[in-house]
Amino acid sequence: MDFSLTKEQQMIKEMVRDFAEKEIAPYAAKWDEEAHFPLDVFRKMGELGLLGLPFPEKYGGAGGDTISYAIAVEEIGRACGGTGLSYAAAVSLGASPIYYFGTEEQKQKWLVPMAKGETLGAFGLTEPNAGSDAGGTRTTAVLDGDEYVINGEKCWITNAQYARQVIVTAVTGKDARGKNIITALIVPTDSPGFTIRSNYDKMGVRASNTCELVFENVRVPKENVLGDPQKGFKQFLYTLDGGRISIAALAVGIAQAAFEKALQYAKERVQFGQPISKFQAIQFKLADMAMEIELARNMVYKAAWLKDQGKPFTKEASFAKLFASEMGFRVCNQAIQIHGGYGYMKEYGVERHLRDVKLMEIGEGTSEIQRLVIARQLGC
Ligand SMILES: Cc1cc2nc3c(=O)[nH]c(=O)nc-3n(C[C@H](O)[C@H](O)[C@H](O)COP(=O)(O)OP(=O)(O)OC[C@H]3O[C@@H](n4cnc5c(N)ncnc54)[C@H](O)[C@@H]3O)c2cc1C
């Protein structure tokens, strides 16, 4: 039950559910099959204020809290995992770093149009040889007069093909201990020398746009440095902490969709003269699924609440992301099991949830990395 939600949060839940059930869910299977990015839906989400949900009104946002934003991600993810991923990436990765670290001028120029839903943004951290070890970034940005010259490549960057700008991490020098200094730069996608390709054939979240980025002597003005040029590494760790709450919320939404299908199917499917929901083995599966989803949701809300209170939330965001993503995989797997052979067929739509939810154990820090983050927070 949502007894803990405020009136505003409850209203957002109802509004987004209504929108997602009408505008997203009926098309999700088709978008999955065709790997279609639903740009028109993003325009509509922009009109509803969803792309600026957690940002203040003075930056074009809706002034909502992180819990409201997590609710929106869950509801969109319940309708379509791929759309949910692109929504979460647009807000948590494309827009949030500019809100957290940008100058007033950068906020006006880049954040406001994103928050209003007029443009999309992306966040390019991962490289072919630097994934979990993002500090091993090889992309470089060299200062030449008043401009940085960027060379390198990034992989699997969400939304880049539809973005007006990408926040790119690059090595800009070495510190006193000889370690790479990583700087974040705002790079307009129409910059000469910047190539964006979207040729990946993904297992799931296929409605989400995923891109390879190549930088060949891409020039951006010095003013496009985001935040402290020495602290790009710390900044993206903070950004990912926030993003993990949204990935956890997305896992909850996908699991919820799979659970609802399994519950309904279990009540309808008759074997041995009775609905399979009358078998205790199936009841126990459904009971565990319902419980685990609710526990994960509560952890998402707790991490979001801590963030809103300005309290440390790194450990809790990792708890939420790790538990929700692994829970999501278990729940979607059991939803197929409850459907038997029908669950293995595309027609019933549960196999899509399993394919979609798998990404939650990988993106924005794998499950192994979440365990490392938690262990570090425990002082290990
Ligand atoms: C659909 C999709 C969308 C994405 N969107 C974005 C995006 O918008 N922006 C972006 O920057 N990135 C994005 N990513 C990249 C994603 O964040 C990385 O895939 C992820 O961080 C893991 O990196 P990797 O794939 O290189 O795996 P690797 O780091 O190579 O890991 C491989 C395996 O080794 C394990 N491993 C690695 N290091 C350790 C360790 N120290 N201890 C124990 N185990 C370890 C991992 O957990 C994993 O199981 C996206 C990826 C996908 C698939």
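Treat the numbers as computed from the prediction; the structure is a model and nothing was measured.

## Re the pairing of strand E3 (residues 147-158)
- Sheet analysis places strand E2 (residues 140-144) next to E3, joined by 5 bridges and oriented antiparallel. Opposite Leu143, over in E3, you have Tyr148 as the bridge partner.
- With antiparallel pairing between neighbouring strands as the criterion, E2 and E3 make up a hairpin whose turn holds 2 residues, including Gly145 at a positive phi of roughly 65°.

## Things to note about the UniProt feature "domain: Acyl-CoA oxidase/dehydrogenase middle" (unreviewed entry) in the protein chain
- The UniProt feature table records "domain: Acyl-CoA oxidase/dehydrogenase middle" (unreviewed entry) at residues 122-218.
- This span, residues 122-218, is 0% helix and 56% strand, and a straight line between its end C-alpha atoms measures 17 Å.

## Details of the domain arrangement of the protein chain
- What the domain assignment lists for the protein chain is domain 1 (7-120), domain 2 (123-230) and domain 3 (234-377).
- The distance between the C-alpha centroids of domain 1 and domain 3 comes to 20 Å.
- For the domain 1 and domain 3 pair, buried surface summed over both sides reaches about 2200 Å², with 63% attributable to carbon and sulfur atoms.
- Run the count over domain 1 and domain 3 and you get 3 salt bridges.
- Asp32 serves as the salt-bridge partner of Arg355, at 2.8 Å between the closest nitrogen and oxygen.

## What about the packing of aromatic side chains?
- Tallied over the full model, the rule gives 17 aromatic pairs.
- Taking the centre distance of 5.7 Å and the plane angle of 80° together, the rings of Tyr238 and Phe313 count as edge-to-face. Of this pair, Tyr238 sits in helix H7 (residues 232-268) while Phe313 sits in the loop between helix H8 (280-308) and helix H9 (314-339), and the two are 75 residues apart along the sequence.
- By the ring-pair criterion, three or more aromatic residues cluster together here, those being Phe55, Tyr59, Tyr99, Tyr100, Phe101, Tyr238 and Phe313.

## A few points about the packing of helix H4 (residues 66-79) against H8
- Across the interface, H4 lies against H8 with an axial gap of 8 Å and an inter-helix angle of 145°. Packed against H4, whose contacting residues are Thr66, Ile67, Ala70, Ile71 and Glu74, the element H8 presents Arg297, Val300, Tyr301, Ala304, Trp305, Lys307 and Asp308 at the interface.
- Within the contact of H4 with H8, the residues separate by chemical class into 7 nonpolar, 1 polar and 4 charged.

## Details of the site of the ligand
- Close contacts around the ligand come from 16 residues, with Thr126, Ser132, Trp156, Thr366 and Glu368 the closest.
- Between the ligand and Ser132, the relevant distance is 2.6 Å, taken from an oxygen atom to a side-chain nitrogen or oxygen of the residue.
- If you list the elements that add at least two residues to the shell around the ligand, you get E3 and helix H11 (367-377).
- Ranked by residues supplied to the shell around the ligand, first place goes to E3 with 3 residues.
- Here the shell around the ligand spans two domains, and each of domain 2 (123-230) and domain 3 (234-377) adds at least three residues to it.

Parameters and conventions
Residues numbered from 1 in each chain as written. Predicted model: local features only at pLDDT ≥ 70, side-chain atom pairs only at ≥ 80, totals over all residues. Heavy atoms only, no water. Pairing = 2+ DSSP bridges. Helix = DSSP H or I, 4+ residues; strand = E, 2+ residues; numbered from the N terminus. UniProt positions renumbered as here; feature names shortened; annotations may be inferred. Domains from an automatic or database assignment. Buried area = accessible area lost by both parts, 1.4 Å probe. Salt bridge = Lys/Arg side-chain N within 4 Å of Asp/Glu carboxyl O. Phe/Tyr/Trp six-rings, centres within 6.5 Å; stacked < 30°, edge-to-face > 60°. Axes fitted to C-alpha atoms, helices over the stretch in contact; angles between N-to-C directions. Contact = heavy atoms within 4.5 Å. Nonpolar A, V, L, I, M, F, W, Y, C, P; charged D, E, K, R; others polar. Near = heavy atom within 4 Å. Polar contact = N/O pair within 3.5 Å; in protein donor to acceptor, adjacent residues only side chain to side chain.

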